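Examination of the molecular architecture
In case you want the letters, here they are:
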Amino acid sequence: MKKILDLISEPLAEAFQASGYEREMGKAVLSNRPDLCEYQCNGSMAGAKKYKKAPFLIAEEAAEALRHTKGYEEIFEDVSVVKPGFINIKVKSSFVGSYLNGMLAEEKLGVEEAAAPKTIMIDYGGPNVAKPLHVGHLRSAIIGESLKRLGRYMGHRVIGDVHLGDWGLQMGLIITELQERQPDLPYFDESYDGEYPAEAPFTISELEEIYPTASSRSKEDEEYKERAMQATYELQKGRRGYQALLGHILSVSVSDLKRNYEKLDVSFDLWKGESDADPYIPGMVQMMKEKGYAYESDGALVVDVKEESDTKEIPPCMILKSDGAALYNTTDLATLVWRMEDYHPDEILYVVDKRQELHFVQVFRCARKTGIVGEETALTFLGFGTMNGKDGKPFKTREGGVMRLENLIEGINEEMYRKIIENHETDKEEARKTAQVVGLSAIKYGDLSNQASKDYIFDIDRFTSFEGNTGPYILYTIVRIKSILNKYRESGGDASRCSIQGEAGNGQKELMLELARFNEVMENAFEEKAPHKVCAYIYNLANEFNHFYHETRILGEEDEQKQQGYIALLVLAKRVLEACIDVLGFSAPERM
Ligand code: ARG
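Structural notes, computed from the coordinates. None of these values were measured; they are calculated from a predicted model.

Cut-offs used in this document
Residues numbered from 1 in each chain as written. Predicted model: local features only at pLDDT ≥ 70, side-chain atom pairs only at ≥ 80, totals over all residues. Heavy atoms only, no water. Near = heavy atom within 4 Å. Polar contact = N/O pair within 3.5 Å; in protein donor to acceptor, adjacent residues only side chain to side chain. Areas by Shrake-Rupley, 256 points an atom, 1.4 Å probe, with all protein chains shown as cover. Helix = DSSP H or I, 4+ residues; strand = E, 2+ residues; numbered from the N terminus. Nonpolar A, V, L, I, M, F, W, Y, C, P; charged D, E, K, R; others polar. Pairing = 2+ DSSP bridges. Axes fitted to C-alpha atoms, helices over the stretch in contact; angles between N-to-C directions. Contact = heavy atoms within 4.5 Å. Salt bridge = Lys/Arg side-chain N within 4 Å of Asp/Glu carboxyl O. Buried < 20%, exposed > 50% of the residue type's maximum accessible area, 1.4 Å probe, protein only. 1 Å grid on protein atoms, 1.4 Å probe; cavity = no way out; pocket = protein on both sides within 12 Å on 5 of 7 lines; lining within 4 Å. Points joined across faces, edges and corners; volume = space filled by probe spheres on them. Left-handed = near helix turned anticlockwise from the far one by under 90°. Phe/Tyr/Trp six-rings, centres within 6.5 Å; stacked < 30°, edge-to-face > 60°. Lys NZ or Arg CZ within 6 Å of the ring centre and 35° of its normal.

1. Focus on the site of the ligand
Around the ligand, the surrounding shell consists of Asp123, Gly126, Asn128, His137, His163, Tyr328, Asp332, Tyr350, Val352, Gln356 and Phe360. Aspartate 123 places a polar side-chain atom, nitrogen or oxygen, 2.9 Å from a nitrogen atom of the ligand. Protein burial of the ligand: of its 340 Å² of free accessible surface, 86% is covered by the chains. Breaking the shell around the ligand down by element, the ones donating at least two residues are helix H12 (328-343) and strand S10 (347-353). Tallied by class, the residues present in the shell around the ligand amount to four nonpolar, five polar and two charged.

2. Description of the sheet that holds strand S6 (residues 157-161)
One open sheet accounts for four strands, arranged S6-S5-S10-S11; its pairing is parallel. Lying at the two open borders of the sheet, with one neighbouring strand each, are S6 and strand S11 (378-384). On average, each strand axis in the sheet is inclined to that of its neighbour by 20 degrees, with strand direction left out of account. In the sheet, S10 pairs with S11 via seven bridges, with the strands oriented parallel. Its bridge partner lying in S11, glutamate 347 is registered against alanine 378. Sitting on the sheet, helix H13 (residues 357-369) is in contact with S10 and S11, with an inclination near 175 degrees to S11.

3. A look at the pattern of salt bridges
Enumeration over the complete set of coordinates arrives at 47 salt bridges. Note that glutamate 422 and arginine 418 form a salt bridge whose closest N and O atoms lie 3.1 Å from each other. Of this pair, glutamate 422 and arginine 418 both sit in helix H14 (residues 405-423), four residues apart, which is roughly one turn of that helix. For glutamate 422, a relative accessible area of 58% translates into the label exposed. Among the residues examined, arginine 418 registers a relative accessible area of 41% and is labelled partly exposed. With a shortest N-O distance of 3.0 Å, lysine 482 and glutamate 590 are connected by a salt bridge. Separated by 108 residues along the polypeptide, lysine 482 in helix H17 (residues 471-490) and glutamate 590 in the segment after helix H21 (560-584) bring together distant segments of the chain. One connected set of salt bridges, linked through shared partners, spans Glu208, Asp256, Arg259, Lys263, Arg404 and Glu406.

4. Here's the deal with unusual backbone geometry
Of the consecutive residues lysine 83 and proline 84, the connecting peptide bond is found in the cis state with omega at 0 degrees. On the secondary structure map, proline 84 appears in the loop between strand S3 (76-82) and strand S4 (86-91). Despite not being glycine, lysine 52 has its phi angle at roughly 50 degrees, a positive value. Mapped onto the secondary structure, lysine 52 falls in the loop between helix H2 (43-51) and helix H3 (55-66).

5. Regarding the sheet that holds strand S1 (residues 28-30)
Across the sheet, which stays open at both edges, the four strands sit in the order S1-S2-S4-S3 with antiparallel pairing between neighbours. At either margin of the open sheet sits one strand with a lone partner, and together these are S1 and S3. Across the sheet, the mean angle from the axis of one strand to that of its neighbour is 30 degrees, orientation sign disregarded. Sheet analysis places strand S2 (residues 39-41) next to S4, joined by three bridges and oriented antiparallel. If you follow cysteine 41 over to S4, its bridge partner there is isoleucine 87.

6. Things to note about the side chain of serine 218
Checked against the element boundaries, serine 218 lands in helix H8 (residues 204-220). In this structure serine 218 touches Leu173, Tyr224 and Lys225, once residues within four positions along its chain are discounted.

7. Focus: empty space enclosed by the protein
Under the defined criterion, the tally for this structure stands at four cavities of 30 Å³ or more. Its volume calculated, the largest cavity comes out at about 70 Å³. In this structure, the largest cavity is lined by Ile120, Ile122, Leu147, Val158, Glu347, Leu349, Phe526 and Lys529. Elements with a minimum of two residues in the lining of the largest cavity: strand S5 (119-123) and S10. The class makeup of the residues in the lining of the largest cavity is six nonpolar, no polar and two charged.

8. Concerning the pairing of strand S8 (residues 300-303)
Regular strands show a simple pattern: their side chains alternate between the two faces of the sheet. Burial of S8 is two-sided: the residues Ala300 and Val302 facing one way and the residues Leu301 and Val303 facing the other way are all buried. Bridge analysis of strand S7 (residues 294-297) against S8 gives four bridges, and the strand direction is antiparallel. Of the residues in S8, the one forming a bridge with alanine 294 is valine 303. A loop of two residues connects S7 with S8, the two strands running antiparallel in sequence, and aspartate 298 in this loop sits at a positive phi of about 50 degrees. By the bridge criterion, three bridges tie S8 to strand S9 (residues 317-320) in an arrangement that is antiparallel.

9. Overview of the packing of H17 against H21
With their axes 10 Å apart at the nearest point, H17 and H21 run at an angle of 140 degrees to one another. Here the hand of the crossing between H17 and H21 comes out left-handed. Residue-level contacts link Ile474, Leu475, Thr477, Ile478, Ile481, Lys482, Ile484, Leu485 and Tyr488 of H17 to Gln563, Gln564, Ile567, Leu570, Val571, Ala573, Lys574, Leu577, Glu578 and Ile581 of H21. Residues of the contact of H17 with H21, tallied by class, amount to 13 nonpolar, three polar and three charged.

10. Considering the packing of aromatic side chains
One pass over the structure, following the stated rule, counts 24 aromatic pairs. The interplanar angle of 80 degrees and the centroid separation of 5.1 Å between the aromatic rings of phenylalanine 458 and phenylalanine 463 together place this pair among those described as edge-to-face. For phenylalanine 458, a relative accessible area of 2% corresponds to the buried category. Judged by its relative accessible area of 2%, phenylalanine 463 falls in the buried class. Taken together, the aromatic side chains of Tyr124, Tyr261, Phe268 and Trp271 make up a single cluster linked through ring pairs. The ring centre of tyrosine 417 lies 3.6 Å from the NZ or CZ of arginine 432, which sits over that ring.

Here it is, written out as C-alpha cells:
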C-alpha cells in the first residue's frame with residue numbers, strides 16, 4: 001500500500017504545480033503541532049527563495065488550488081494557511097478509516113515488500129567459545145536479531161552468522177592447560193595416528209574454568225605463555241591432535257551457546273567461526289602479495305589503508321604477525337572471501353561493540369583495496385554502545401564481576417514473577433511461564449528502545465515496570481486488547497466480519513492516525529537500521545490505544561455498527577503491535 005503521507009502529498013503536489021510551482025514543494029509531513037493540525041506542508045518555506053515571493057502568499061495560492069484538486073473532498077477536512085507560510089492539514093476520518101481497512105485486508109498490514117530483494121548478511125552474536133555468554137554479548141545478539149527480522153519483514157533475504165571467536169591465542173591457552181592436566185591424552189602425542197575419541201575430554205563447566213585459569217596463568221608465567229603461543233601456531237598450521245581438540249571445544253561450546261541464545265529467542269542461520277576462514281588465508285595472503293598490496297614491515301605483513309582525507313591516523317592493516325600467525329584482521333578478511341564466494345551479498349552488516357570501529361575501518365578498506373569486496377557490496381559497521389549499571393559504569397554483578405547472561409535473565413524473570421504474583425492470583429506454573437515471556441520483553445525492549453550507538457543504563461526496576469516506556473507495558477496493552485476480543489467472541493461476536501468506521505471522537509482518531517503510520521515507520525526503521533524507531537512507535541501507539549480505551553465503552557456499546565468499528569480497530573491495533581514486537585524479537589502472553 002502507498003503510505004498515507006504519499007496519498008496526502010499527491011493532491012498537494014498537484015496544487016503546487018497548478019499554481020506554477022515545483023511539485024516537490026507539495027509534500028505532507030507529520031505535524032509538529034498536534035494541537036493545531038494532523039499534518040503539515042512546509043514546501044512554501046523552501047520555495048520562497050527560489051520564487052522570490054513571501055512563503056505565506058505561495059501557501060495561500062497552493063491551498064486555494066488544493067480546494068479544486070481531485071481527491072480534495074475525499075481526503076481533506078480542514079486546510080489552513082498560517083504565518084509564516086505553513087499549510088496546516090486535518091484529514092477526514094472516513095479517509096483514514098478506509099486506509100485502515102485496506103491495512104486489515106493485507107497480511108503485512110500495508111507494508112510493501114522490496115521489489116528487488118537484497119541478500120543481506122548480518123554478523124552478530126560474536127561469542128567466544130569456551131567462555132560463558134556474558135552481558136557484553138547481549139546487545140549484539142538483541143540488535144542483530146531484530147535487524148534480521150526487520151529485513152525479512154521487508155522482504156529481503158537475510159542470513160545471520162554468529163561468527164564465533166574460535167581462532168586465537170585463547171585456543172592455544174586451552175590446549176596448553178589441558179595438556180598440563182591430562183598429558184596422556186592422545187591429542188598431545190605427535191606419533192599417534194589412530195582415531196581420536198568421539199567424546200570430548202571435558203564438560204562445558206570444566207571448559208569454562210580451564211580458559212580463565214589458563215589466561216591468568218599466562219600473564220604471570222612467561223614460559224607457559226610461550227607454550228600457548230606455540231600451540232596456537234601449531235593449531236593454525238593444522239596439527240592433527242590440536243584440530244581434533246578444537247572440534248571438541250567447538251561442539252561442547254556451541255551446544256551450550258545454542259541453549260543460551262534460545263532463551264533469548266535469538267537464532268542464527270550459520271554457525272561459522274573465525275576458524276572457518278583459515279583455509280582461505282594462504283590464497284588471500286598470496287593474492288595480496290602478488291598484486292603488491294601487502295608488504296613487510298618489521299617482519300610483519302601489512303597493507304596500507306590510510307586515505308588522504310583522514311583526519312586521524314589510520315594505521316596499516318596487519319595481515320600476518322612476524323611469526324606468520326593470523327590475527328583478528330586476517331580472519332575477518334578471509335571470512336569476507338568465503339562470504340563473497342558463497343553468498344554474493346548486497347550488504348554485510350556487522351553488529352559489534354563500537355569500540356571495535358577502527359578494526360572495521362581497517363578491514364573494510366583493506367577488503368576494498370585488495371578487491372575482496374567489490375563496489376556492489378555494501379560493508380556496514382553498526383557499532384553499539386555499552387550497557388551500564390545504575391552507577392554509569394559497565395554493568396557488573398553485585399560483587400563487581402562480569403555477569404553471566406544466564407544469571408541476568410534469571411534475575412529479570414524472578415522479578416517479573418514476583419510482580420505477576422503480586423498483581424493477581426494465578427497458577428504458579430503459569431506465572432513462571434508468563435514471567436519468562438514478559439521478562440524477555442523487559443530485556444529486549446529496554447535495550448532496543450535506545451539508539452544502538454548510545455550507551456544506556458540497564459535498570460532492572462524500570463525495565464520490568466508495567467508502566468512507562470517498557471516492554472511489559474507494551475505487552476500489557478496487547479493482553480488488554482486480547483482480553484476484550486476474547487470477551488467479544490465469547491458473547492457471540494465475529495471480529496473478522498467487522499470493519500473500521502470513519503468515526504472520530506474519544507481519542508479514536510488519534511489512534512487511527514497512529515495506526516496508519518505503520519508501513520512508513522517500518523520502512524524507515526529498516527533503512528536507518530534503527531529498531532529504536534519501532535519501539536518509539538509502539539510506545540506512542542500503546543499510549544493512544546490506552547487513551548481511547550479509557551474514553552470508550554467498547555463491549556457495552558449498544559449501537560452494533562459502532563461497536564463493530566471499535567472491534568475492527570482493536571484487531572488492527574493488535575496485529576500492528578504484534579508485528580512490531582515480533583520484529584523486536586519477543587512475543588506477548590495470553591494473560592499477565
Ligand atoms: N568475538 C568478538 C568479540 O568478542 C566479536 C566478533 C565480531 N565480529 C567480527 N566479524 N569480528 O569481541
